[in-house]
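Residues per chain are reported as follows:
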Amino acid sequence: MQYPDIDPVAINLFGLKVHWYGIMYLLAFAMAWYLGMRRARKPFSPIAPNQVEDLIMFGAFGVILGGRFGYVLFYHFDKFLVDPLWLFRVWEGGMSFHGGLLGVCVAIFFYSRKTNTTLLQLGDFVAPLVPLGLGFGRIGNFIGQELWGRVTDPDAPWAMYFPNDPMNARHPSQLYQAFLEGLVLFLLLFWFSKNPRPRGAVSGLFLVLYGSFRFLVEFVREPDSHLQDQLWLGWVTRGQLLSLPMIAAGILLMIWAYSWAKKKDQQQTAQVEG
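Student: So what exactly am I meant to see when it comes to a positive patch on the surface here?
Tutor: Taken together, R38, R41, K42 and K194 make up a surface patch of like positive charges. Note that K194 resides in the loop between helix 7 (173–192) and helix 8 (201–217).

Student: Sorry, what's going on with the pairing of strand 2 (residues 16–19) here?
Tutor: If a strand is regular, its side chains alternate between the two faces of the sheet. Direction of pairing for strand 1 (residues 9–13) relative to strand 2: antiparallel, over a ladder of 4 bridges. Bridging from a neighbouring strand, V9 pairs with H19 of strand 2.

Student: Explain helix 7 to me, please; I cannot follow it from the model alone.
Tutor: Owing to its 3.6 residues per turn, the α-helix aligns residues three or four sequence positions apart on the same side. Across its 20 residues, helix 7 extends 27 Å between first and last C-alpha, which sits within 8% of the 28 Å expected from 1.5 Å per residue. For helix 7, the principal kink sits at L185 and spans about 35°. Of all the positions in helix 7, only S173, Q174, Q177, A178, E181, G182, V184, L185, F186, L189 and F192 are classed as buried.

Student: It is not clear to me how the pattern of salt bridges should be interpreted in this structure. Could you clarify?
Tutor: Pairs can form between side chains of opposite charge whenever their charged atoms are close. Scanning all chains against the criterion turns up 6 salt bridges. One salt bridge in this structure joins D165 and R170, with 2.8 Å as the shortest N-O distance. With respect to class, D165 is no different from R170; both count as buried. Of the charged contacts in the structure, one is a salt bridge between R214 and E218, with a shortest N-O distance of 2.8 Å. Both residues of the pair, R214 and E218, belong to the buried class. If you follow the salt bridges from partner to partner, you end up with D165, R170 and E222 in one network.

Cut-offs used in this document
- Residues numbered from 1 in each chain as written.
- Predicted model: local features only at pLDDT ≥ 70, side-chain atom pairs only at ≥ 80, totals over all residues.
- Heavy atoms only, no water.
- Patch = residues over 30% accessible without salt bridge, like charges linked within 9 Å, V, L, I, M, F, W, Y side chains within 5 Å.
- Areas by Shrake-Rupley, 256 points an atom, 1.4 Å probe, with all protein chains shown as cover.
- Salt bridge = Lys/Arg side-chain N within 4 Å of Asp/Glu carboxyl O.
- Lys, Arg positive; Asp, Glu negative; His and termini not counted.
- Charge placed at Lys NZ, Arg CZ, Asp CG, Glu CD.
- Helix = DSSP H or I, 4+ residues; strand = E, 2+ residues; numbered from the N terminus.
- Pairing = 2+ DSSP bridges.
- Expected span 1.5 Å × (residues − 1).
- Bend = angle between axes of the 7 residues up to and from the residue.
- Buried < 20%, exposed > 50% of the residue type's maximum accessible area, 1.4 Å probe, protein only.

Put into structure tokens, the structure is as follows:
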């Protein structure tokens, strides 16, 4: 397949350039707001519709700050040590999902204090709002010809030639991630969260599924050039290392959620029988 040569600049108006990647961020937050408003109308929602905008604002700050800090600390810490001010030069690019996730968790924690809810309640509310935004972000990566896949068999049906690397056929791993982390993850979480679940179960499922999808796609995603000689055991990438704790935490969280719910039901049954 030949890459559909798309100009990364969507709009150029009198020298003012609007990149597709920025538009994808706007679409991500707009979709999160729309889905949040729908979920806030459910009887088991921890927040009211008029609180959704503030929650999205808190989350946006968490994504941007956490994503940048995570990218610098997880992937370019050596560069940060040489030039600490590079951390703040966000226009030079570089965001990390795992850092963004930690940033969102911190933002949700502070917002939960403001709304007298809990981190897990808001986490369960926010989790289904995230995947479509991730999908938009991966499409932005594809348009920008970044974070592409490993070199593959040129005759394979999925092989794609990118203009920035016309000599090598590669996996379009950005599209794999957009499909798995965006569409599939959204559909599964949306279905799972349609009905009330034990507190923490939706958040746990998000961690398990995203971590698993990311771990799998990393097998065909090209590692960052400066990290290719730092693979754990010779094959485990930095993205896979960061995803393993997510999967473990998600499994433990789901076990705890259902165990806590079962114990609570037993206590209520005992009180009724008593």
